[in-house]
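Coordinates in review
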Amino acid sequence: MTVTEDRAGREVGRDRRRKEDARLITGRTMWTDNVSLPGMLHLAILRSPMSHARIDGIDASAARSMPGVVDVITGRDVADVQGSLPCAWTVTPDMAHPDHPPLAVDEVRFAGEPVAVVAARDHATALDALEAIEVAYEPLPAVMDIEDALADGSPLVHQSLGTNKSFTWAFDSAEEGTGGDAAAAIDAADVVVRRRYVQQRVIPAFMEPRSVVVDPTPDQITVWSSTQVPHFVRFFLAAVLGTPEHKIRVIAPDVGGGFGGKLQITAEEFISFLVAQRLRKPVKYTESRSEAMLSAHHGRDMIQDVDVAADRDGTVTALRVRLLANMGGYLRLLTPATPLLGRYMYNGIYKFPAHRFECTGVFTTTTPTDAYRGAGRPEATFAIERVMDDLAAELGMDPVELRRRNWIERDEFPFTTVTGLTYDSGDYAAATDKAMGLLGYDELRREQAERRAAGDRVQLGIGVSTYTEMCGLAPSRWLGSLGYAAGGWESAIVRMLPTGKVEVLTGTSPHGQGHETAWSQIVADQLGVPFEDIEVMHGDTRTSHKGLDTYGSRSLAVGGYALVEACKRVVEKARPMAAHLLECDPADLEFVDGSYRVKGTPGASKSITECALAIFAAHDLPDGVEPYLDADASYDPVDFSFPHGTHLCAAEVDTETGQVRLRSYVAVDDIGKVVNPLIVEGQVHGGVAQGIAQALFEEAIYDEDGNLMTGTFVEYTIPSSADLPDIVTDRTETPAPGHPLGAKGVGEAGTIASTPAVVNAVVDALRPYGVTDVRMPCTPERVWQAIRNGGGRP
Amino acid sequence: MTRISMTVDGVRYDDDVEPRTLLVHHLRNRLGKVGTVVGCDTSNCGSCTVLLSGRSVKSCSLLAVQADGVDITTVEGLAGRDGELHPVQLAFHESHALQCGFCTPGMIMAAVDLLTENPDPSDTEIREGLEGNLCRCTGYQNIVRAVHAAATSMRTSVPSTPEAAGAPAPSMGEEVTT
Ligand code: FES
Ligand code: FES
């Protein structure tokens with residue numbers, strides 16, 4: 001019997017209130033912008049007001065001589081030392097990958113690109129000095145449309161490349177031997193539905209603006225940064241700027257949200273580091289919201305051409321997908337990989353026999369795109385779930401019924417899909433049946449029919465979204481084979497102090513996910529110690545030096561595994577000590593509730609905390625036991641995990657105003673075993689909210705010259721409490737085989753599932769009006785226009 | 001420079017400030033009240049919300065000089081001197097109404113004001129009352145739940161009975177069934 005089973009249900013599975021809250025609700029939080037150091041200078045960054053221009057010269061002399069200004073540094077001043085911001089994923093061998101200097105030297109390629117930095121005694125002085133810097137720009141043509149950008153004769157974003165194309169990546173199941181010939185199947189099909197869906201550009205809009213503090217002492221350079229990835233930041237600062245890695249310490253203190261938006265190595269981090277090194281003074285840079293909107297990477301922004309072929313009975317025979325993905329002006333950390341992270345998921349939960357996928361990455365003079373909650377998988381899920389609804393309508397079939405005919409059945413797992421991935425487990429019927437019951441699917445269909453028959457002004461639509469996703473990024477071998485620069489393992493260190501208290505170091509880097517609480521629950525069960533006696537530390541490369549941080553719903557699926565392994569090693573390390581104290585054979589001991597008991601001898605036991613003290617004292621250690629009770633472990637996943645679920649949305653659409661009201665929303669997710677249901681529910685709430693936001697509210701809009709028209713929270717409307725409905729959450733549970741906790745990952749599920757559920761509901765309400773699509777966000781104006789364009793009447 | 005005087009979380013401060021200094025920057029940079037945070041530059045997010053003479057205001061939408069002579073409460077001054085949490089703070093913890101926690105100080109202060117105005121708000125009244133405070137993490141559902149819970153506990157706690165007044169608040173991390 002394993003340790004996990006012994007203690008199952010004590011802490012893991014409980015609605016623990018979070019440890020993190022104590023500091024967050026009392027204002028004692030350590031945000032990066034709260035860091036204040038003696039002699040610290042404040043930075044302000046001058047940004048390009050143009051989307052594309054040559055820099056003919058910068059005159060900073062007036063700014064330099066202002067009182068309180070310590071220095072002004074331009075791209076030219078640091079051209080030889082600033083290197084290029086990294087892109088960690090070479091998705092094809094011939095990928096075009098232009099340099100991305102943190103401070104532009106000769107040319108700017110998106111509005112908001114940094115061109116100079118001021119260091120001053122205080123922030124207000126630094127801001128004033130920006131106004132005194134003169135930059136001579138020679139405007140160059142903006143490149144805004146990804147289809148036009150690929151046309152012959154288009155102006156170029158990077159002249160030296162001779163093209164605006166970065167890469168084309170293709171997959172064909174016939175060529176790979178994982179399925180049939182999609183093109184042939186489409187030619188031969190009874191029914192083909194061809195659609196173009198547009199993933200509008202969105203902005204992650206984490207609530208804490210990014211901030212970085214750099215303290216260069218002669219011994220070490222310490223960097224505090226509002227990042228999801230402190231370990232990445234340290235590696236790339238060393239690798240690109242040449243400062244020895246052991247001289248850099250990166251700390252991600254409390255971080256106010258990320259959603260992929262802080263999964264980045266930023267220009268601002270590099271600039272702050274360079275200025276601090278040059279001036280040998282601590283510096284702080286904190287962006288304004290307007291700067292965050294321009295400069296932090298954006299998400300989505302792709303055109304999806306989808307063809308699905310089927311027999312009359314609804315059996316899908318092929319799926320073909322062609323993507324055009326907007327890279328923006330440069331490739332950032334994962335820019336080219338982001339659309340491709342969905343490449344294996346376009347077939348969703350279905351048994352399609354043939355599949356072709358092609359993706360082209362295109363440069364434009366816009367802010368670079370990169371990971372945003374789900375990164376590629378929400379886009380894939382949107383395309384497949386939208387087209388399944390459209391196919392159902394074409395066939396005159398209920399959308400759930402069409403899915404049932406095509407999905408993988410419970411007893412068919414493990415199932416190797418047409419893209420070559422092997423899904424480990426799942427029960428799509430169970431999740432769907434539960435969701436339909438909770439929504440009252442059949443009654444709502446009846447009400448829909450009545451409203452249609454009566455020609456009601458307010459029509460009812462029901463949106464279906466059945467999804468799966470690949471979580472637990474990622475097997476290192478797989479990442480390496482696809483051209484990614486790093487691995488996907490995770491680590492944990494567990495140490496029991498002489499007094500029996502426990503310190504845990506994790507390589508994950510939470511920014512709202514509650515790892516301190518969930519990790520404590522896991523350790524409490526594994527070691528049989530109280531929840532309160534455990535301290536979880538993270539986000540500091542000096543202490544938790546081994547780690548690959550938090551993104552891609554990986555922390556529990558990968559980091560949780562490492563944590564359980566480290567705990568088991570602690571238990572095994574103390575076992576000989578316990579046997580020695582009890583004068584028995586280690587093999588005669590069982591570890592239950594934090595104590596080693598001699599099997600068959602009631603009362604003979606030693607607690608692990610007693611062993612910790614004895615091992616610390618080291619007065620009488622058995623052979624082979626080293627002083628101090630601690631252990632570490634790393635885990636490299638052998639495969640992905642595949643959470644899944646069914647989300648259903650009922651929407652009322654006012655056909656005269658175009659107003660959409662979400663009447664009810666049901667989310668049934670199967671994320672395997674749950675460590676803390678309260679935290680999981682919160683993740684689903686927030687994820688669904690972000691997916692709804694893409695469906696109904698948010699869009700980053702540029703004008704034709706490349707000016708961002710949605711550069712503040714006035715124009716970029718993230719939903720408020722008044723905009724969102726209560727949602728009903730529930731779960732089904734098929735444990736992840738091969739994971740000690742049975743956990744699969746939940747961070748992105750809500751966002752992946754909800755966007756198509758909502759848009760499907762809107763379109764479903766309006767099908768009698770001849771509407772087959774509404775472009776996101778489905779604002780009243782767009783909905784109203786779609787009804788006008790549809791031309792039909794019920 | 002202009003001389004101003006204000007009481008923040010029970011302590012009086014007299015300072016010379018530049019007339020253009022925003023109240024939130026005065027609180028954070030001069031008085032060290034870094035519990036109050038800045039999330040935007042257009043007075044849209046509400047992260048900077050404090051109580052000014054008992055009513056919530058966005059402290060980025062006011063100059064420090066405009067707050068001369070007033071009494072301000074920030075999230076740092078909400079708990080009792082003995083550390084006993086305000087019912088709204090406790091309810092946010094109990095209901096898991098925060099994730100990253102960046103919006104939380106402002107959200108809590110706005111909720112305190114909302115409940116002062118309306119001790120028994122409906123769901124819709126809560127959602128509309130907190131419309132000026134943005135949260136990117138929670139989807140607001142648990143925030144609404146927390147405000148209801150706080151409302152109930154504030155209405156039912158009768159400070160005049162010694163048992164109620166003396167009842168210890170549950171400590172952090174403890175499981176409480178709601
Ligand atoms: S900082 Fe956003 S409203 Fe004040
Ligand atoms: S908890 Fe993160 S923004 Fe509200």
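Quick caveat: nothing in here was measured; it's all calculated off a predicted structure.

This part covers the overall build of chain B. A tally of regular secondary structure across chain B gives six helices and five strands. In chain B, the succession of helices and strands from N to C terminus is β-β-α-β-β-β-α-α-α-α-α. Looking at chain B as a whole, 49% of its 178 residues qualify as buried. Excluding contacts between residues fewer than 6 apart, the proportion of contacts in chain B whose partners are at least 24 apart in sequence is 57%.

Residues and elements named next belong to chain A. Assignment of secondary structure puts Q264 in the loop between β11 (248-251) and α9 (267-279). A relative accessible area of 2% means that Q264 is categorised as buried. Side-chain polar atoms of Q264 contact the side chain of D370, separated by 3.0 Å. Once residues within four sequence positions are removed from consideration, Q264 is found in contact with T227, V229, V233, E269, H297, R332, L333 and D370.

The next subject is the pairing of strand β27 (residues 660-670) of chain A. All names here are of chain A. β27 sits mainly inside the fold: eight of its eleven residues count as buried. Sheet topology places strand β26 (residues 644-654) next to β27; ten bridges connect them, and they run antiparallel. Residue pairing in the sheet places T646 in a bridge with V668 of β27. Once β26 ends, the chain turns through five residues before running back antiparallel as β27, passing G658 with a positive phi of about 80 degrees. Judged from the four bridges that link them, β27 and strand β28 (residues 728-731) form a sheet pairing that is parallel. By the bridge assignment, D669 is partnered in β28 with R731.

Attention now moves to a negative patch on the surface. A grouping of A:E175, A:E176, A:D181 and A:D187 is seen on the molecular surface, where their side chains present a negatively charged patch. Residue position: A:D181 is located in the loop between α6 (173-176) and α7 (182-187).

Residue and element names in this part refer to chain A. Taken as a whole, chain A is organised into domain 1 (3-28 + 489-635) and domain 2 (424-471 + 639-789). For domain 1 versus domain 2, the separation of C-alpha centres amounts to 39 Å. At the interface, 23 residues of domain 1 touch 20 residues of domain 2. Joining domain 1 to domain 2, the criterion identifies zero salt bridges. Put simply, domain 1 and domain 2 have six residue pairs in polar contact (both at pLDDT 80 or more) between them. Only α17 (515-527) and α18 (555-582) provide two or more residues apiece to the side of domain 1 that touches domain 2. With five residues, the single largest contributor to the side of domain 1 that touches domain 2 is α18. Along the lines of polarity and charge, the residues of the side of domain 1 that touches domain 2 split into seven nonpolar, ten polar and six charged.

Right, let's talk about the sheet that holds strand β7 (residues 165-172) of chain A for a bit. Whenever strands of a sheet pair, they do so through backbone hydrogen bonds, lying parallel or antiparallel. Residue and element names in this part refer to chain A. A sheet is described by the order of its strands in space; here five strands give the open sequence β7-β15-β14-β13-β8, paired in mixed fashion. For this open sheet the edge positions go to β7 and β8 (191-202), each flanked by a neighbour on one side alone. Between one strand axis and the next, the sheet turns through 10 degrees on average, direction left out of account. Relative to strand β14 (residues 316-328), strand β13 (residues 299-310) is paired through nine bridges, and the arrangement is antiparallel. Paired with V306 across the strands is V321, a residue of β14. The strands that helix α12 (residues 377-395) touches are β8, β13 and β14; relative to β8, the one it contacts most, it runs at about 145 degrees.

As a further point, take the packing of aromatic side chains. Working definition: an aromatic ring pair is given by the centre-to-centre distance plus the angle between the planes. Residues and elements named next belong to chain A. If you walk through the whole model with that rule in mind, you get 18 aromatic pairs over all chains. Summarising the aromatic geometry, the rings of Y350 and F352 are spaced 5.4 Å apart at their centres and angled 15 degrees between planes, so their arrangement reads as stacked. Exposure remark for Y350: the relative accessible area of 1% places this residue in the buried category. A residue is classified by how much of its surface remains accessible, and F352, at 5% relative accessible area, is buried. Note on F591 and Y596: the rings are 4.7 Å apart at their centroids and 50 degrees apart in plane angle, and the pair reads as tilted. Of the residues examined, F591 reaches a relative accessible area of 6% and is grouped as buried. Through pairs of rings, three or more aromatic residues link up here, namely W169, Y344, Y346, F357, W478 and F640. A cation over a ring is seen here: K19 above F531, with NZ or CZ 4.6 Å from the ring centre. Here R343 stacks its cationic end above the ring of W169, 4.4 Å away from the centre of that ring.

What follows deals with α18(A). Residues and elements named next belong to chain A. Over its 28 residues, α18 extends 38 Å from the first C-alpha to the last, a length consistent with the 40 Å expected when each residue adds 1.5 Å. R575 marks where α18 bends most, by close to 30 degrees; the proline P576 follows one to four residues later. Judged by how many residues are buried, α18 sits mostly within the fold: 20 of 28 residues are covered.

Turning our eyes to something else, we now look at the interface of chain B and chain A. Taken together, the contact between chain B and chain A spans 49 residues of the former and 56 residues of the latter. Across the chain B to chain A interface the summed buried area is about 4,400 Å²; carbon plus sulfur atoms make up 53%. Taken together, chain B and chain A are joined by six salt bridges. Where A:E681 meets B:R145, a salt bridge forms, and the shortest distance between an N and an O atom there is 3.8 Å. Where chain B meets chain A, there are 23 residue pairs in polar contact (both at pLDDT 80 or more). For the side of chain B that touches chain A, the secondary structure elements donating two or more residues are α2 (87-94), α3 (104-117), α4 (123-129) and α5 (141-156) of chain B. No other element matches the four residues that α2(B) contributes to the side of chain B that touches chain A. Looking at the side of chain B that touches chain A residue by residue, the classes come out as 19 nonpolar, 17 polar and 13 charged.

Quick look at the environment of A:G376 now. Along the chain, A:G376 falls in the loop between β15 (355-363) and α12. Assessed through its relative accessible area of 1%, A:G376 is described here as buried.

A separate point is the environment of B:H148. Residue and element names in this part refer to chain B. Assignment of secondary structure puts H148 in helix α5. Given the relative accessible area of 26%, H148 is considered partly exposed. In the structure, H148 is positioned 88 residues away from C60 in sequence and 28 Å away in space, judged by C-alpha atoms. Contacts of H148, omitting those with residues within four sequence positions, involve P121, S122, D123 and I126. In terms of polar contacts, H148 uses its side chain to reach the side chain of D123, at 2.5 Å.

Moving on, we get to the packing of α17(A) against α18(A). What describes two packed helices is the angle between their axes and the distance between those same axes. Residue and element names in this part refer to chain A. The contact between α17 and α18 brings their axes to 10 Å, and the two run at 35 degrees. Judged by the sense of rotation from one axis to the other, the crossing of α17 with α18 is right-handed. Seen from α17, the contacting residues are H515, W519, I522, V523, Q526 and L527; seen from α18, they are S555, L556, G560, L563, V564, C567, K568, V570 and V571. In terms of residue class, the contact of α17 with α18 is built from ten nonpolar, four polar and one charged.

A few words on the side chain of A:S425. Residue and element names in this part refer to chain A. In this fold, S425 is placed in the loop between β17 (422-423) and α14 (428-439). On the basis of relative accessible area, S425 is assigned to the buried category, the value being 9%. In terms of polar contacts, S425 uses its side chain to reach the side chain of D424, at 3.3 Å. Side-chain polar atoms of S425 contact the side chain of K744, separated by 3.3 Å. When neighbours within four sequence positions are excluded, S425 is seen to be in contact with F413, F642, T734, P735, P737 and K744.

Moving on to the nonpolar core. Judged by nonpolar contacts, the single largest core of 200 residues is most densely connected at A:W89 and B:F92. The element best represented in this core is α12(A), accounting for nine residues. With near-sequence residues (within four places) excluded, B:F92 lies in contact with A:I25, B:A97, B:L98, B:T104, B:M107, B:I108, B:A111, B:I143, B:A146 and B:V147.

Our focus in this paragraph is the sheet that holds strand β4 (residues 55-58) of chain B. Residues and elements named next belong to chain B. Across the sheet, five strands lie side by side as β2-β1-β5-β3-β4; this open sheet has mixed pairing. The two strands at the open ends of the sheet, each matched to only one other strand, are β2 (11-17) and β4. Taking the axes of each pair of neighbouring strands and ignoring which way they run, one obtains an average angle of 40 degrees across the sheet. The pairing of strand β3 (residues 49-52) with strand β5 (residues 71-73) spans two bridges and is classified as antiparallel. Among the inter-strand pairings, L51 is bridged to a residue of β5, identified as T73. Against the sheet, helix α1 (residues 23-30) touches β1 (2-8), β2, β3 and β5, its axis set at about 110 degrees to β2.

Cut-offs applied
Residues numbered from 1 in each chain as written. Chains lettered and ligands numbered in written order. Predicted model: local features only at pLDDT ≥ 70, side-chain atom pairs only at ≥ 80, totals over all residues. Heavy atoms only, no water. Helix = DSSP H or I, 4+ residues; strand = E, 2+ residues; numbered from the N terminus. Buried < 20%, exposed > 50% of the residue type's maximum accessible area, 1.4 Å probe, protein only. Contact = heavy atoms within 4.5 Å. Polar contact = N/O pair within 3.5 Å; in protein donor to acceptor, adjacent residues only side chain to side chain. Pairing = 2+ DSSP bridges. Patch = residues over 30% accessible without salt bridge, like charges linked within 9 Å, V, L, I, M, F, W, Y side chains within 5 Å. Areas by Shrake-Rupley, 256 points an atom, 1.4 Å probe, with all protein chains shown as cover. Salt bridge = Lys/Arg side-chain N within 4 Å of Asp/Glu carboxyl O. Lys, Arg positive; Asp, Glu negative; His and termini not counted. Charge placed at Lys NZ, Arg CZ, Asp CG, Glu CD. Domains from an automatic or database assignment. Nonpolar A, V, L, I, M, F, W, Y, C, P; charged D, E, K, R; others polar. Axes fitted to C-alpha atoms, helices over the stretch in contact; angles between N-to-C directions. Phe/Tyr/Trp six-rings, centres within 6.5 Å; stacked < 30°, edge-to-face > 60°. Lys NZ or Arg CZ within 6 Å of the ring centre and 35° of its normal. Expected span 1.5 Å × (residues − 1). Bend = angle between axes of the 7 residues up to and from the residue. Buried area = accessible area lost by both parts, 1.4 Å probe. Left-handed = near helix turned anticlockwise from the far one by under 90°. Core = buried A, V, L, I, M, F, W, Y, C linked by side-chain atoms within 4.5 Å.

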